[in-house]
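Now for the letters of each chain:
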Amino acid sequence: MKIIKNPSQKNWKELIQRPQNEKKSLHNIVQQVFMDIQESADTALKKYTFHFDGVELKQIKVTQQELKEAENLLSQELKQAIFQAKSNIEKFHFSQKENSQFIETQPGIQCWRESRAIEKIGLYIPGGTAPLFSTVLMLGVPAKIAGCRQIVLCTPPDKKGNIHPAILFAAQTIGITEIFKVGGIQAIAALTIGTESIPSVYKIFGPGNQYVTAAKQYAQEFKVSIDLPAGPSEVLVIADSQANPDFIAADLLSQAEHGPDSQVIFLTTDESILNQTINSVTTQLEKIPRKEIAKKALDNSIGILFDNLDTCFQFSNLYAPEHLILAIDKAKEYRYNVENAGSVFLGNYSCESAGDYASGTNHTLPTNGYARNYSGVSLDSFIKKITFQELSKEGLQTIGPTIELMAEAERLFAHKNAVSIRINKN
């Protein structure tokens, strides 16, 4: 982890860069996989699952028997933890439901907006070295609350061609039964185009590595929507003199262990806290099973000493982190300083892991600086807003002259006539 003291603002642009693969090669790989899926469907799915994951799939869809067996493979304690997390996620996302407001903009003119669920959605659940069953809850729960009619889940299998039982159990608790053993680019291509086994969807959700992110972005060329650009995970921590170095180190490592292309940023106004935190990172690193992955992520990461908190917030807002932890005194009072962040954690005891699993907020968040213009996943991500309006004859007569004048000024005379013919009708 590189340490920098009071870097000049002219160097900030370089410091906020994330680790990147060569984009042209990424695009070429994605394009080829999509083309093959379009031509060979399930055959191509199996080919790429073997090529990328080293798994020879005998069947693509998870069977009812596999779903039943999954429940018996988990401890009662883990199942109870999943139930508690699901409950909190439901509470938070239920609170986001909106009632229609009927607005009379003028007498005889009523306008309002109603929500409709996106009918068919695809959920991408990362598996591989870390089976993220928590993401099943984060995406499946609001999808069910929204009322999505078809929920299709894709997740990569292990080397034996199986799906982690916690992923299957979490899906069952929500009521998701269309589950497929496919990951990576090929999963996104299948959800986009459709195959004999996997139905195409209207919108794709879920985090992933740079390949998955590139595939989701390419899916938009097929008129399929995506939740947000969610690539490698990241966290930025701002700390002052009252912060706990061991807590900060744990938070930094919790993101570093996601993958070698993850990134962690530590900003502080206290040099002693900076040094203690780095020492604690070194100590704690040796105790985690995924230390080799975390080490590679730490190579892409930096700790910065700044003179004051205002400068820390300026840097953070430019970086626009996926996760932002404010390990500072009276952290809640500083929330208005945050302009760009996916999700914010206030105070020494608000660890990022709480949001990842069970506090209730959603952990599918914008990365790679996209927090400047994207929100994290919420109930709104699964619905469309449709506007309605109803005009009485009197209402149209009131606003009609305004419409006629504007339409004529734009030289759209048919628009004008649509009003005039009604006003002049006896």
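Residues numbered from 1 in each chain as written. Predicted model: local features only at pLDDT ≥ 70, side-chain atom pairs only at ≥ 80, totals over all residues. Heavy atoms only, no water.

Caption draft 1: Structural view of the sheet that holds strand β13 (residues 343-346). On the basis of which strands lie adjacent, the open sheet formed by six strands has the order β1-β11-β10-β9-β12-β13 and parallel pairing. In this open sheet, the two strands that pair with only one neighbour each are β1 (2-5) and β13. With direction set aside, neighbouring strand axes in the sheet form an average angle of 15 degrees. Against the sheet, helix α11 (residues 271-285) touches β1, β9 (234-239), β10 (263-268) and β11 (302-305), its axis set at about 150 degrees to β10. Across the sheet, helix α13 (residues 309-319) lies against β9, β10, β11 and β12 (323-327), angled at about 170 degrees from β9, the strand it touches most. (Pairing = 2+ DSSP bridges. Helix = DSSP H or I, 4+ residues; strand = E, 2+ residues; numbered from the N terminus. Axes fitted to C-alpha atoms, helices over the stretch in contact; angles between N-to-C directions. Contact = heavy atoms within 4.5 Å.)

Caption draft 2: View of helix α6 (residues 133-146). The end-to-end C-alpha separation of α6 is 20 Å, in line with the 20 Å expected for 14 residues at 1.5 Å each. Of all 14 residues in α6, 13 are buried; the element is thus mostly enclosed. Immediately downstream of α6, the backbone of G147 shows phi near 95 degrees, a positive value. (Expected span 1.5 Å × (residues − 1). Buried < 20%, exposed > 50% of the residue type's maximum accessible area, 1.4 Å probe, protein only.)

Caption draft 3: Region of the structure containing the packing of helix α15 (residues 393-409) against helix α16 (residues 413-423). The geometry of α15 relative to α16 is characterised by a closest axis approach of 8 Å and an angle of 155 degrees between their N-to-C directions. Put simply, α15 runs roughly antiparallel to α16. The crossing of α15 and α16 is left-handed. From α15, L396, Q397, G400, I403, E404, A407 and E408 reach across to α16, where they touch F413, H415, K416, V419, S420, R422 and I423. Here the residues of the contact of α15 with α16 sort into six nonpolar, four polar and four charged. (Parallel < 35°, antiparallel > 145°, perpendicular 65-115°, else oblique. Left-handed = near helix turned anticlockwise from the far one by under 90°. Nonpolar A, V, L, I, M, F, W, Y, C, P; charged D, E, K, R; others polar.)

Caption draft 4: Geometry of the environment of I193. When you line up the elements, I193 lands in helix α8 (residues 184-193). Given a relative accessible area of 23%, I193 falls into the partly exposed group. Here the alpha-carbon distance between I193 and G206, two residues 13 residues apart in the chain, equals 17 Å.

Caption draft 5: Looking closely at the packing of aromatic side chains. According to the stated counting rule, one finds 14 aromatic pairs in the structure shown. Aromatic pair F102 and W112: ring centres 4.8 Å apart, planes at 35 degrees, arrangement tilted. With F102 in the loop between α5 (76-94) and β2 (103-106) and W112 in strand β3 (residues 109-117), the pair connects residues that are ten residues apart, well separated along the chain. Following the ring pairs from residue to residue traces out a cluster consisting of W12, F306 and F315. (Phe/Tyr/Trp six-rings, centres within 6.5 Å; stacked < 30°, edge-to-face > 60°.)

Caption draft 6: Fine view of the side chain of T268. Within the fold, T268 resides in strand β10. Excluding residues within four positions of it along the chain, T268 makes contact with A239, D240, I273, L274, I304, L305, F306 and C312.

Caption draft 7: Region of interest: a nonpolar patch on the surface. A contiguous nonpolar surface patch, about 250 Å² in accessible area, is contributed by I29, F52 and Y211. With respect to the helices and strands, the residue Y211 is situated in helix α9 (residues 210-219). (Patch = residues over 30% accessible without salt bridge, like charges linked within 9 Å, V, L, I, M, F, W, Y side chains within 5 Å. Areas by Shrake-Rupley, 256 points an atom, 1.4 Å probe, with all protein chains shown as cover. Salt bridge = Lys/Arg side-chain N within 4 Å of Asp/Glu carboxyl O.)

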